[in-house]
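Below are the chains, spelled out letter by letter.
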Amino acid sequence: MADNDIKTTEGQGYSRRQFLIGAGGVGIGALAGGFMVKSFFLPDSVFAVPASEGYLVVDTHKCAGCASCMLACSLVHSGETSLSLSRIQVINNVFAAYGEEDSVVQEQCRQCPHPYCAEACPTGAMHADPDNGNVRTVDQAKCIGCERCIEACPFTPSRVQWDPKKRKAQKCDLCKDTPYMTEEGGVGGQQACVAVCPTRAISFVSDIPAQTDTGYQVNLRDDNVAWALLGLPTEDDGSYAPVATAAPAPTGH
């Protein structure tokens, strides 16, 4: 996708300058609330944002598909347990056994080095938040609900969700803006999905992990002795790593 093009539902592109001209039809005054003109991208501008300082990684082999992460995400952000409002999505494959590859698919924002969602945003609402480790974040005050960011996300389903109640875009902010969570969130803070996951299948990392088109390549079973003792494979190919277990110390009785 060219830097200055925005995807449309018909697959046609048009420049942000054209978008701004079209937006004049709804009134510049309507757009002015909280917007900064300098946040718009001109056709000859170079789009670049700093790398995120935080990422969520998920070991789908460990995920049980209980949806606790989804409910916690919705609860701390929106104050209600709604799977539709969760910013992390879990898809269960009912034909696969627990622990097998593709038994569960978790879809979380990858904090892309080149965030097409931010590039497509005509108002600067989708941006890298410098107060939260440059995590790609939606500024709700600037979002006009055009859904360009949702369409621009290169992944399916889009890592940017539509909030039908607020009629604005939303995405994972690593729990920075969580009015219903007592702990401090964001980079360096607590993430609700990590905290509630009963199998510890989700983790926060500071460095961008290796990834493919299908997701992050992460194994969170390496240091989980209990996982191996349960008889579940510790390696991605279904094999088992040797389990180092210390013999119980003699009690002297």
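Attention in this report is confined to the structure presented alongside it.

Another aspect to go through is helix H3 (residues 68–78). All buried positions along H3 are accounted for by Cys69, Met70, Ala72, Cys73, Ser74, Val76 and His77. Packed against the buried residues of H3 are strand E2 (89–92), strand E3 (104–107), helix H6 (192–196) and strand E8 (202–205). Just beyond H3, the residue with positive phi is Gly79, at close to 80 degrees.

What follows is about the environment of Cys112. Tracing the chain through its elements places Cys112 in the loop between E3 and helix H4 (116–120). Here Cys112 is in contact with Arg136 and Phe155, once residues within four sequence places are set aside.

So, about the nonpolar core. One broad trend across soluble globular proteins is that nonpolar side chains are buried collectively. In terms of nonpolar packing, the biggest core is built from 18 residues, with Leu56, Cys69, Met70, Ile88, Val90 and Ile202 touching the most fellow members. For this core, the secondary structure elements donating two or more residues are strand E1 (55–58) and H3. No other element matches the three residues that H3 contributes to this core. If we skip the residues at most four places from it in the chain, Cys69 touches Ile88, Val90, Gln106, Cys193, Val196 and Ile202.

Criteria and cut-off values
- Residues numbered from 1 in each chain as written.
- Predicted model: local features only at pLDDT ≥ 70, side-chain atom pairs only at ≥ 80, totals over all residues.
- Heavy atoms only, no water.
- Buried < 20%, exposed > 50% of the residue type's maximum accessible area, 1.4 Å probe, protein only.
- Helix = DSSP H or I, 4+ residues; strand = E, 2+ residues; numbered from the N terminus.
- Contact = heavy atoms within 4.5 Å.
- Core = buried A, V, L, I, M, F, W, Y, C linked by side-chain atoms within 4.5 Å.

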